[in-house]
Amino acid sequence: MRKKAFPPIVLALLLIVVGVAAWLIWRSNNPGSDATVEVTLYFANDRYVQFGDANEPQVLPEKRTVRPGVRNLPETVMDELIAGPDTAGLSTVLSNLKVHSVSVREGIAHVDFSKDNMNGGSLSETLLIDQTVRSLTALDEIEAVQFLIDGEKTESLMGHILVIDPVRP
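Rules behind the numbers
Residues numbered from 1 in each chain as written. Predicted model: local features only at pLDDT ≥ 70, side-chain atom pairs only at ≥ 80, totals over all residues. Heavy atoms only, no water. Pairing = 2+ DSSP bridges. Helix = DSSP H or I, 4+ residues; strand = E, 2+ residues; numbered from the N terminus. Contact = heavy atoms within 4.5 Å. Axes fitted to C-alpha atoms, helices over the stretch in contact; angles between N-to-C directions. Parallel < 35°, antiparallel > 145°, perpendicular 65-115°, else oblique. Left-handed = near helix turned anticlockwise from the far one by under 90°. Nonpolar A, V, L, I, M, F, W, Y, C, P; charged D, E, K, R; others polar. Buried < 20%, exposed > 50% of the residue type's maximum accessible area, 1.4 Å probe, protein only. Polar contact = N/O pair within 3.5 Å; in protein donor to acceptor, adjacent residues only side chain to side chain. Salt bridge = Lys/Arg side-chain N within 4 Å of Asp/Glu carboxyl O. Right-handed = clockwise from strand over helix to strand, strands pointing away.

*Asks:* Which parts of the structure should I look at to understand the sheet that holds strand β7 (residues 152–153)?
*Replies:* Within a sheet, adjacent strands bond to each other through the backbone by hydrogen bonds, running parallel or antiparallel. What the four strands build is an open sheet, ordered β4-β5-β6-β7; its pairing is mixed. Since the sheet does not close on itself, it has two edges, and those belong to β4 (99–105) and β7, each with one partner. Note that strand β6 (residues 144–149) and β7 share two bridges and pair antiparallel. Note that in β7 the partner of Ile 149 across the bridge is Glu 152. Along the sheet, helix α3 (residues 73–83) makes contact with β4 and β5 (108–113), crossing β4 at roughly 140°.

Put into structure tokens, the structure is as follows:
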């Protein structure tokens, strides 16, 4: 008895179905530039900044849906912090700052700021650190933040608070 071979059209359709299934599985495991992620960003509480009321939290959370695209999620979080809040009553101290890069190694986010515009009082420095650390450690893979200025570890960002070691929330 002679075995029948699959007609070429059936074989072609089978290959297309297998290819589409493999692509769908790959895409679900490797989201592209159109994938969205919900993140929690922390911004300065204007009531705390204006009145200095110790009963007010210094920073408050804002949930936001972002599209990391080709950038890593921590870089996207820093971009969103610099862009500022969508919620009234919140503000950012990062709006005039430039971030060179953000990388994550062994649970520590290394945030490299430019020294340009890196000045201010102790409140500005406190809010910068708090906004950055709380927003980045809200991501599952980050436990602490190492601050850098132009690629180098620094004792302090603005001269008031020590940040030579990684900062935890």
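*Asks:* Got a minute to help me understand the packing of α3 against helix α4 (residues 122–137) in this structure?
*Replies:* Two quantities define a packed helix pair, namely the angle between the axes and the distance from one axis to the other. Where α3 contacts α4, the axes come no closer than 10 Å and their chain directions differ by 140°. By the criterion of interaxial angle, the relationship of α3 to α4 is oblique. Read as a crossing pair, α3 and α4 show a hand that is right-handed. Here Pro 74, Val 77, Met 78 and Leu 81 of α3 lie close against α4, whose contacting residues are Gln 131, Thr 132, Ser 135 and Leu 136. Its residues assigned to classes, the contact of α3 with α4 shows five nonpolar, three polar and no charged.

*Asks:* Whenever I open this one, the environment of Pro 166 confuses me. Can you help?
*Replies:* Note on placement: Pro 166 falls in the segment after β7. Relative accessible area serves as the criterion here: at 33%, Pro 166 is assigned to the partly exposed category. Along the sequence, Pro 166 and Gln 146 sit 20 residues apart, while their C-alpha atoms lie 4.3 Å from each other. If we ignore the near neighbours within four places in the chain, the residues touching Pro 166 are Ile 108, Ala 144, Val 145 and Gln 146.

*Asks:* How do you make sense of α3 when you look at a structure like this?
*Replies:* For the α-helix, the turn length of 3.6 residues means that residues three or four positions removed from each other point alike. Listed in full, the buried residues belonging to α3 are Leu 73, Pro 74, Glu 75, Thr 76, Val 77, Met 78 and Leu 81. Among the structural elements, β1 (37–45), β2 (59–66), β4, β5 and α4 are those in contact with the buried residues of α3. One side-chain oxygen at the N-terminal end of α3 lies 2.7 Å from the backbone nitrogen of Glu 75; it belongs to Asn 72. Immediately beyond the C-terminal end of α3, within one or two residues, lies Gly 84, with a positive phi of roughly 100°.

*Asks:* Just checking my understanding: could you explain the pattern of salt bridges for this structure?
*Replies:* Working definition: two side chains of opposite charge can pair if their charged atoms are close together. Counted under the stated rule, the structure contains six salt bridges. The shortest N-O distance in the salt bridge between Glu 62 and Arg 64 comes to 2.4 Å. Judged by relative accessible area, which is 5%, Glu 62 ranks as buried. As a salt-bridge pair, Arg 64 and Asp 86 come within 3.5 Å of each other at their nearest N and O atoms. You can see Arg 64 sitting in strand β2 and its partner Asp 86 sitting in the loop between α3 and β3 (90–91), a full 22 residues away along the chain. Given the relative accessible area of 65%, Asp 86 is considered exposed. Among the charged side chains, a network of salt bridges with common partners joins Glu 62, Arg 64, Glu 80 and Asp 86.

*Asks:* Can you walk me through the pairing of β5 in this structure?
*Replies:* Looking down a regular strand, the side chains alternate between one sheet face and the other. Among the six residues of β5, six are classified as buried, and the element is accordingly described as predominantly covered. Taking every second residue as pointing to the same face, both faces of β5 are buried, with Ile 108, His 110 and Asp 112 on one and Ala 109, Val 111 and Phe 113 on the other. In this structure, β4 lies alongside β5, joined through six bridges in antiparallel fashion. Note on β5: the bridge partner recorded for Val 99 is Phe 113. As consecutive antiparallel partners, β4 and β5 are separated by two residues, and within that stretch Glu 106 has a phi angle of approximately 55°, a positive value. Pairing between β5 and β6: six bridges, direction parallel. Of the residues in β6, the one forming a bridge with Phe 113 is Ile 149. For the crossover from β5 across α4 to β6, the handedness is right-handed.

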